[in-house]
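Next come the chains, spelled out residue by residue.
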Amino acid sequence: MTQTADYKKRIEDIVTAQLARVENMKADHEFDDFQSLDKIVIGCIGGDGIGPLIMEPTYDLLEKLLEKDVKSGKIELRMIDGLTIENRSAAGQAIPDDVLAEIKACNVLLKGPTTTPRKGDKWGNIESANVAMRKKLDLFANVRPVAIPEIGVDWTFFRENTECLYALGSDGIDVTDDLAIDFRVITTQGTERIAKMAFDYAKANGKDRVSIVTKANIVKKTDGKFLEVCKRIGENYPGITVDDWYIDIATAKLVDPNKRSDFQVFILPNLYGDIITDEAAQLQGGVGTAGSANIGQHHAMFEAIHGSAPRMITEGRSDYANPSSIMRAAAMLLSHIGYQAECDRLNEALDICLDKEKKIVIDSRGNGATRDEFVEYLYSKLF
Ligand code: NAD
């Protein structure tokens, strides 16, 4: 086959696979109902680097908060150890098959950060475990709340999680030595479901503004579709004002004191959402302070938004790993499975320790409190 025929065939295969995805989305759009399950299995994945260190106290915390239902068998907490860079590299898979089977057997997951190999490093070219999990479990909505009450900021981001440049991030084509092409995917069905979730959330939580963020003036096909579909879904929600922003100016307005408190709920394609939610988390006090939810119809995964911080391990600062981001994620998990009172209790205790009282502060450089001191402080507010 000539090179031209080869990449034409690859493009054809990509289109066929994406059209099959569209058909799957059309066929399956019901959500599992946690309230009707006899038992909810919560899988806890330590991950890499500081991941197991922040997971350990969070697992214990969940066990204690859910003590009654753990004892009765309504809740099972299950530790999943195999999602490590060593195992993934040895298997040559983003998620080894046996670990994926364990993950799929759970209803919801709490996940520590996982290391993603960079081109040329010793782990080989494996896809990000997060990106793979979002695809395998079809976790299409990445929901990230950011609140900074003292400046009037209360934002909730709905980032589409399975499409955009990430859908085919490892499937680009080196057409020649000088020409590389990647592919960006936006579908009507993929956009409808994230938009619907964002508007439903706004309606249920008394929000009256939803902001759609794209670059539809330049990226006309994919962003054009995303914007058009979100606006169409928004027409079903009278009383909610819909506005749209280009990603560049939206990024600037998040730090504009005269504008930032007007924003409430955002809907964004994957890449813009990835970038802007880290900016927002930084404004809140750093990526160590935020949790994030990845929600699909049949599974949901909750995680800290920071990475595995490998340098904290190699530089001997692991005692100072801050578990508050994964604990915020655990609070979101509790809310998702219907344990709102336990979620509120945990969030209130975290608010006291991290913002209102701040008797001790963890500093990743190793100057402040240790993880264990922080956990003890938190426990003193909870139990
Ligand atoms: P990082 O978030 O892991 O760490 C950057 C710095 O932030 C650390 O050196 C540390 O000083 C600080 N930090 C982060 N989390 C902290 C915590 N809980 N407590 C105290 N300090 C904390 O970012 P990175 O170094 O760019 O990424 C390291 C690895 O993590 C990479 O392989 C990356 O791909 C991966 N990653 C994974 C996820 C995920 O699994 N969700 C997210 C982002 C990055």
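Described in the following lines is the structure provided in the data block. Counting restarts for each chain: residues are numbered from 1 in the order of the written sequence. At least 70 in pLDDT is required for a residue's local features to be given in this predicted model, at least 80 for side-chain atom pairs to be given and counted, and no such filter applies to totals for whole chains, interfaces and linings, which use all residues. Excluding hydrogens and water, the side-chain figures rest on all heavy atoms present in the structure.

Moving on, we come to the overall build of the protein. In DSSP terms, a helix is any run of H or I states spanning at least four residues, a strand is any run of E spanning at least two, and both are numbered starting from the N terminus. Scanning the protein from N- to C-terminus turns up 14 helices and 12 strands. Just to be clear, the radius of gyration here is over C-alpha atoms, and the globule rule we use is 2.2 Å times residues to the power 0.38. In terms of C-alpha radius of gyration, the protein reaches 21 Å, essentially the compact-globule figure of 21 Å for 383 residues. For the protein, the spread of C-alpha atoms along the principal axes amounts to about 65 × 55 × 45 Å. Here the protein holds 383 residues, and the buried ones make up 50% of them. Considering only intrachain contacts with a sequence separation of at least 6, the fraction spanning at least 24 residues in the protein is 75%. A total of about 18100 Å² of accessible surface is found on the protein, and carbon and sulfur atoms cover 50% of it. Positive and negative side-chain charges of the protein, numbering 47 and 60 respectively, have mean locations separated by a distance of 3 Å. Under the scheme applied here, a residue whose accessible area is under 20% of the maximum for its type counts as buried, over 50% as exposed, and between as partly exposed, the area being computed with a 1.4 Å probe on protein chains only. Here, residues are in contact when the closest pair of their heavy atoms is within 4.5 Å. Note on areas: Shrake-Rupley, 1.4 Å probe, and residue coverage restricted to the protein chains presented here. Think of it this way: Lys and Arg go in the positive column, Asp and Glu in the negative one, and His and the chain ends go nowhere. Working definition for charges: the position is that of NZ of Lys, CZ of Arg, CG of Asp or CD of Glu.

The alternating pattern of strand S10 (residues 265-268) places Val 265 and Ile 267 and Phe 266 and Leu 268 on opposite faces, both of which are buried. The pairing criterion is simple: DSSP has to find at least two bridges between the two strands. When strand S5 (residues 153-160) meets S10, the two strands line up parallel, connected through four bridges. Looking at the pairing, Phe 158 lines up with Ile 267 of S10. Sheet topology note: the strand S8 (residues 209-214)/S10 ladder contains three bridges and is parallel. By the bridge assignment for S10, Ile 212 is matched with Ile 267.

Another aspect to go through is empty space enclosed by the protein. The rule is simple: put a 1 Å grid over the protein atoms alone, call a set of points where a 1.4 Å probe fits but cannot get out a cavity, call an open set with protein on both sides within 12 Å along at least five of seven lines a pocket, and count a residue as lining if it has an atom within 4 Å of a point. Grid points are joined across faces, edges and corners, and a volume is the space filled by probe spheres set on the points. Evaluation of the coordinates by the stated rule reveals one cavity of 30 Å³ or more. In this model, the largest cavity occupies a volume close to 40 Å³. Every residue lining the largest cavity is listed: Val 131, Arg 134, Lys 135, Asn 161, Thr 162, Tyr 166, Ala 167 and Asn 270. Considering every element that reaches the lining of the largest cavity, the biggest residue donor is helix H6 (residues 129-136), with three residues. Residues belonging to the lining of the largest cavity are distributed by class as follows: three nonpolar, three polar and two charged. Classification used: nonpolar for Ala, Val, Leu, Ile, Met, Phe, Trp, Tyr, Cys and Pro, charged for Asp, Glu, Lys and Arg, polar for all others including Gly.

Further remarks concern the site of the ligand. Distances are taken per atom, and a residue is near a molecule or strand as soon as one of its heavy atoms is within 4 Å of it. The environment of the ligand is made up of 17 residues, and the closest members are Asn 130, Gly 307, Ala 309, Asn 322 and Ser 364. Pairing of N or O atoms within 3.5 Å defines a polar contact, subject to two protein rules: one partner must be a possible hydrogen donor and the other a possible acceptor, and residues neighboring in sequence count only if both atoms are side-chain atoms. One of the backbone N or O atoms of Thr 114 is found 2.9 Å from an oxygen atom in the ligand. Here an oxygen atom of the ligand and a backbone polar atom of Ser 308 are 3.0 Å apart. Within the complex, the protein chains bury 70% of what would otherwise be the 820 Å² of accessible surface of the ligand.

We now examine the layout of surface pockets. Considered as a void within the structure, the second largest pocket measures approximately 960 Å³ in volume. In this structure, the second largest pocket is lined by 36 residues; those nearest its centre are Thr 116, Glu 127, Ser 128, Val 131 and Tyr 166. Only H6, strand S6 (173-176), helix H10 (270-284) and strand S12 (300-304) provide two or more residues apiece to the lining of the second largest pocket. Sorting elements by how many residues they give to the lining of the second largest pocket places H6 first, with five residues. Tallied by class, the residues present in the lining of the second largest pocket amount to 11 nonpolar, 11 polar and 14 charged.

For sheets, the rule is that strands pair by backbone hydrogen bonds, running either parallel or antiparallel. The mixed open sheet is built from 10 strands, whose spatial order is S2-S1-S3-S12-S11-S4-S5-S10-S8-S9. Of all the strands in the sheet, just strand S2 (75-80) and strand S9 (241-246) have a single pairing partner and so form its edges. Averaged over all adjacent pairs, the angle separating strand axes in this sheet is 20°, with direction ignored. Bridge count for strand S4 (residues 141-148) against strand S11 (residues 291-295) is three bridges, and the pairing is antiparallel. Note on S11: the bridge partner recorded for Val 143 is Ala 293. Here helix H2 (residues 51-65) sits on the sheet in contact with strand S1 (40-45), S2 and strand S3 (108-111), set at roughly 170° to S2. Helix axes use the C-alpha atoms of the stretch in contact, all axes being lines fitted to C-alpha atoms, and the angles between their N-to-C directions lie in the range 0 to 180 degrees.

This part covers the environment of Lys 381. Within the secondary structure layout, Lys 381 lies in helix H14 (residues 371-382). Expressed as a C-alpha distance, the spacing of Lys 381 and Cys 353, which sit 28 residues apart in the sequence, is 8.2 Å. With residues near it in sequence (within four places) discarded, Lys 381 still touches Ala 349, Ile 352, Cys 353 and Glu 357.

Turning to the pairing of S11, a few remarks are in order. For S11, the tally of buried residues reaches five of five residues, placing the bulk of the element in the interior. On S11, burial covers both faces: Gly 291, Ala 293 and Ile 295 on one face and Ser 292 and Asn 294 on the other are all buried. In terms of strand pairing, S11 meets S12 through five bridges, oriented antiparallel. Opposite Ser 292, over in S12, you have Glu 303 as the bridge partner. Here S11 hands over to S12 after four residues, the two strands then running antiparallel side by side.

Everything listed here is a matter of coordinates, which is why it stays silent on function.
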